[in-house]
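Fold and contact review
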Amino acid sequence: MAYGLLKGKRGIISGALDENSIAWQVALKAKEEGAIFTLTNAPIAMRMGAINNLAEQCDAQIIPADATSVEDIENLFSKSTEILGGKIDFVLHSIGMSLNVRKNKEYGDLNYEWMQKGLDISAISLHKFLQVAEKQDALNEWASVVALSYIAAQRTYSFYGDMAEAKAMLESIARSYGYRYGKAKNVRVNTISQSPTVTKAGSGIEGFDAFYEFAQKMSPLGNAKAEDCANYAISMFSDLTRYVTMQNLYHDGGYSATGISEDLVQMIQQQNQ
Ligand code: NAI
């Protein structure tokens, strides 16, 4: 059911690769809620072509941008304001990639060039988005910027490798820039810390299935789905959450506040019998 929450709002949505992508779901919901927006992804991701179907469904134009390139991001913001006919009200940062994780490099044997690349793509890119937006004065008052994070920023998960550092930095940038942009223009910046979700980035992590199931059993509500994450992002873009900023918001079915669940206790008891 649509509520018209984003009626009259203009946005930029990054990171839609295929229909499993969290950003894909956000784009569909944003359209449903009355927003107009542009879509962006790395030029290399365009080759997969799926984003064209989404663009068609959403009447959205695609502006390729490598999230590590300030020049590409400048083009993204200036083209978006031009195409959409005014300043931007919401931005989704849904970008993450670690070469070390992808290539199964152990945490004690990291390739540091890859690590720097991963931090640039997954975290510093949020700063680049915000700095470019501020310099171009591309965001409206009360605009809302949301980036996607994971609880490995707070707790260690052995399989998550150097993405943990990337997420910790991402959340820190959301706080620091959230303060700056809040003072300057009432712009708000938050991260949503999402449950494990079956997507290209998610399932690229070794042992993903086991940890998906663990989180499922830990969370009283079960793992939050991509579609529900999209609903939460839309509420963060809407005027109903105007005074929420500089927060890391858990969207995880209760996982982050659970010590151990009955399901897991039972599982271990059964194993020990
Ligand atoms: P996804 O693989 O569909 O999305 C990741 C996106 O990052 C892709 O569209 C990819 O093309 C883009 N990307 C990679 N390098 C880029 C670059 N240099 N420039 C521009 N874009 C680039 O996977 P998903 O899961 O939708 O990921 C979106 C965000 O959600 C990521 O930040 C991820 O870490 C985060 N997240 C995912 C969880 C999961 O279990 N899937 C859990 C919590 C957070």
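The chain has the name Enoyl-[acyl-carrier-protein] reductase [NADH] in an unreviewed UniProt entry, where Dyadobacter jejuensis is given as its organism. UniProt lists a comment for the chain under the heading Sequence similarities (unreviewed entry), and it reads "Belongs to the short-chain dehydrogenases/reductases (SDR) family. FabI subfamily."

Quick word on the sheet that holds strand β5 (residues 188–194)
Read from one edge of the open sheet, six strands run β2-β1-β3-β4-β5-β6, paired in parallel fashion. Each end of this open sheet is capped by a strand with a single partner; those strands are β2 (36–40) and β6 (248–251). Averaged over all pairs of adjacent strands, the angle between strand axes in this sheet comes to 20°, irrespective of strand direction. The sheet contact formed by strand β4 (residues 139–149) and β5 spans six bridges and is parallel. Each residue of the ladder has a partner; that of L148, found in β5, is I192. Packing against the sheet, helix α4 (residues 70–84) makes contact with β1 (10–14), β2, β3 (88–93) and β4, and its axis sits at approximately 150° to β2. Packed onto the sheet, helix α6 (residues 112–136) meets β1, β3, β4 and β5 and runs at close to 170° relative to β3.

Points about the UniProt feature "binding site: NAD(+)" (unreviewed entry) in the chain
UniProt annotation of "binding site: NAD(+)" (unreviewed entry) refers to G15, S21, I22, I95 and K167 when read in the numbering used here. Narrowing the list just given to those that line the largest pocket leaves G15, S21, I22, I95 and K167. Looking at the element boundaries, G15 is found in the loop between β1 and α1 (22–32). Every residue in contact with G15, bar those within four places of it in the chain, is listed here: S21, A23, T40, N41 and S94. Mapped onto the elements of the fold, I22 is located in helix α1.

Structural notes on the pattern of salt bridges
One pass over the full model with this rule turns up eight salt bridges. When the shortest N-O distance is used, the salt bridge between K9 and D239 registers 3.0 Å. With K9 in the segment before β1 and D239 in the loop between α10 (226–237) and β6, this pair connects stretches of sequence that are 230 residues apart. Judged by its relative accessible area of 12%, K9 falls in the buried class. Looking at D239, the relative accessible area reads 43%, which means it is partly exposed. We note a salt bridge from K87 to D137, for which the minimum N-O separation is 3.0 Å. Placement of the pair is K87 in the loop between α4 and β3 and D137 in the loop between α6 and β4, with a sequence separation of 50 residues. Looking at K87, the relative accessible area reads 29%, which means it is partly exposed.

What counts and how
Residue indices begin from 1 for each chain and proceed along its sequence in written order. For a predicted model such as this one, the threshold for reporting local features is a pLDDT of at least 70, and the threshold for listing and counting side-chain atom pairs is 80 or more; totals across whole chains, interfaces and linings nevertheless cover every residue. Excluding hydrogens and water, the side-chain figures rest on all heavy atoms present in the structure. UniProt positions are given in the numbering used here, feature names are shortened, and annotations may be inferred rather than shown by experiment. By definition, two strands form a pair when at least two bridges between them are found by DSSP. A helix here means a DSSP run of H or I that spans at least four residues, while a strand means a run of E at least two residues long, and both kinds are numbered starting from the N terminus. Axis geometry follows a simple rule: fit a line to the C-alpha atoms, using only the stretch in contact for helices, then measure angles between N-to-C directions, giving values from 0 to 180 degrees. Between two residues, a contact is recorded if the distance between any of their heavy atoms is within 4.5 Å. Only protein atoms enter the calculation, which uses a 1 Å grid: trapped sets of points that fit a 1.4 Å probe without letting it out are cavities, open sets showing protein on both sides within 12 Å along at least five of seven lines are pockets, and any residue with an atom within 4 Å of a point is a lining residue. What makes a salt bridge here is a side-chain nitrogen of Lys or Arg within 4 Å of a carboxyl oxygen of Asp or Glu, nothing more. The buried label goes to any residue with under 20% of its type's maximum accessible area, the exposed label to any with over 50%, and the partly exposed label to all in between, with areas taken from a 1.4 Å probe on protein chains only.

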